[in-house]
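These are the residues of each chain, in order.
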Amino acid sequence: MRTGTGERVRGAAEDGMDIGSLALLAAAGFAAGLVGSVAGLASLFSYPALLAVGLPPIAANVTNTVALFANTVGSAAGSRAELRGQRKRIIRFCGISAAGGAVGAWLLLTTDEETFELIVPWLIALGSVLLLARGPFRRLTERLAGTRGPRRPNPLPLAVAVMLVGVYAGYFGAAAGVLMLAVLSVALDESLAVTNALKNIVTGGSNLVAAVAYALLAPVDWAAAAAVAAGCLAGSRIGPAIVRRLPERPLRIAVGLAGLGLAAQLFLSALR
C-alpha cells in the first residue's frame, strides 16, 4: 500500500529562510495576488517561487494554499462595488465550495497524487476553453433549452460544478480560479467584473477550509506563507480595479489563453 501524501512529507518544511528568499516570496506574492484576483492564476507565480527557495513540492503546495487565502481578503476589499447585492449567491456558493475544499484537502493528505496530476492539466484546459468559447457555449445551451436572453441557471449542475472546482482547489489549486470563473461565467448573466469578484470569494471558501486542514496536519512553512501572503494581500487589492477598467472580451481571451499555457506546462511536468 502506498503511503499517504501527508505521511510522506510531514516535517519536510524548511527550518529557516533568509531575507533574500523572503523578499523573493513577497514579490511573487504580489504578482500572484494581482494576477489571481484578475485571472485566477495566482499559483503561476507563487508556487514556482516556493519551489525556488527550497521547499519540497508538497510542502510548497500546502504553504501556497495557506498563503493564498490573502487573495480572497484583498480582492474582497477591492470588489465591494461588484459584490453589492450578491450576498445570497456568496453564502450558497461558498458553502458548496468549502465542502469541496474539505474533500480536496482530505485527498491530498491521504492519497498519492500521480494520477490526479495527470488529470489536472485537462481540467484547466477545459475551463480555459469554456472561458474562451463563453458566447457560443451559452448560445448552444440556450438553443437546447429553448430559451433566449437572461435565464435562471439550473441549480443542481451549477452546484455540482462549483463543488468539483472546490475539490480541485483544496487538492492542488493551480488555476482553480480559471475553472471557477469559467463555471460562473457560463452559468450567470453577469458582467465579467461581477463574475470575477464572485469567483475570488467563492474559491476562497474552499481555500479557507483546505488552509485550516493544512495548518493543523501538513508541513506548512509559516515564514514563507507569511511572506507570500503579505505580497498577495497588496496585489489582490489592486486587481479588481484593473478588471473594472479593462474591456471584457480581450481580458477573457487573455485569461483563457494563459490558462491553456499553464495546462500545457503542467501536462509536460506530469509526464517527466
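Keep in mind that what you see is a predicted model, and the values were worked out from it rather than measured. (Residues numbered from 1 in each chain as written. Predicted model: local features only at pLDDT ≥ 70, side-chain atom pairs only at ≥ 80, totals over all residues. Heavy atoms only, no water.)

Once that is clear, we can look at the overall build of the protein chain. A tally of helices and strands in the protein chain yields 14 helices and zero strands. Secondary structure elements of the protein chain, listed N to C terminal, follow the sequence α-α-α-α-α-α-α-α-α-α-α-α-α-α. Counting every position in the protein chain, which comprises 272 residues, the buried fraction comes to 52%. When contacts within the protein chain are restricted to residue pairs at least 6 apart in sequence, long-range pairs at least 24 apart make up 84% of them. Summed over its atoms, the accessible surface of the protein chain is roughly 12,300 Å², and 68% of this surface lies on carbon and sulfur atoms. (Helix = DSSP H or I, 4+ residues; strand = E, 2+ residues; numbered from the N terminus. Buried < 20%, exposed > 50% of the residue type's maximum accessible area, 1.4 Å probe, protein only. Contact = heavy atoms within 4.5 Å. Areas by Shrake-Rupley, 256 points an atom, 1.4 Å probe, with all protein chains shown as cover.)

By size, the foremost hydrophobic cluster in this structure holds 76 residues, and its most contacted members are Leu25, Val162, Tyr168 and Tyr214. Counting residues per element, this core draws most heavily on helix 12 (residues 192-217), which supplies eleven residues. Apart from residues no more than four positions distant in its own chain, Val162 is found in contact with Phe93, Ile96, Ser97, Met180, Val183 and Val202. (Core = buried A, V, L, I, M, F, W, Y, C linked by side-chain atoms within 4.5 Å.)

At a closest axis distance of 8 Å, the pairing of helix 2 (residues 19-39) and helix 12 adopts a crossing angle of 120 degrees. With respect to their mutual orientation, helix 2 and helix 12 come out oblique. Residues Gly36, Ser37, Val38 and Ala39 of helix 2 touch helix 12, and the partners they reach there are Asn196, Lys199 and Asn200. (Axes fitted to C-alpha atoms, helices over the stretch in contact; angles between N-to-C directions. Parallel < 35°, antiparallel > 145°, perpendicular 65-115°, else oblique.)

Time to look at the pattern of salt bridges. Summed over the entire model, instances satisfying the criterion amount to two salt bridges. Glu82 is the salt-bridge partner of Arg244, the closest N and O atoms lying 2.6 Å from each other. With a gap of 162 residues between them, Arg244 in helix 13 (residues 222-245) and Glu82 in helix 6 (residues 80-83) connect regions that are remote in the sequence. Under the relative-accessibility criterion, Glu82 is labelled buried at 10%. (Salt bridge = Lys/Arg side-chain N within 4 Å of Asp/Glu carboxyl O.)

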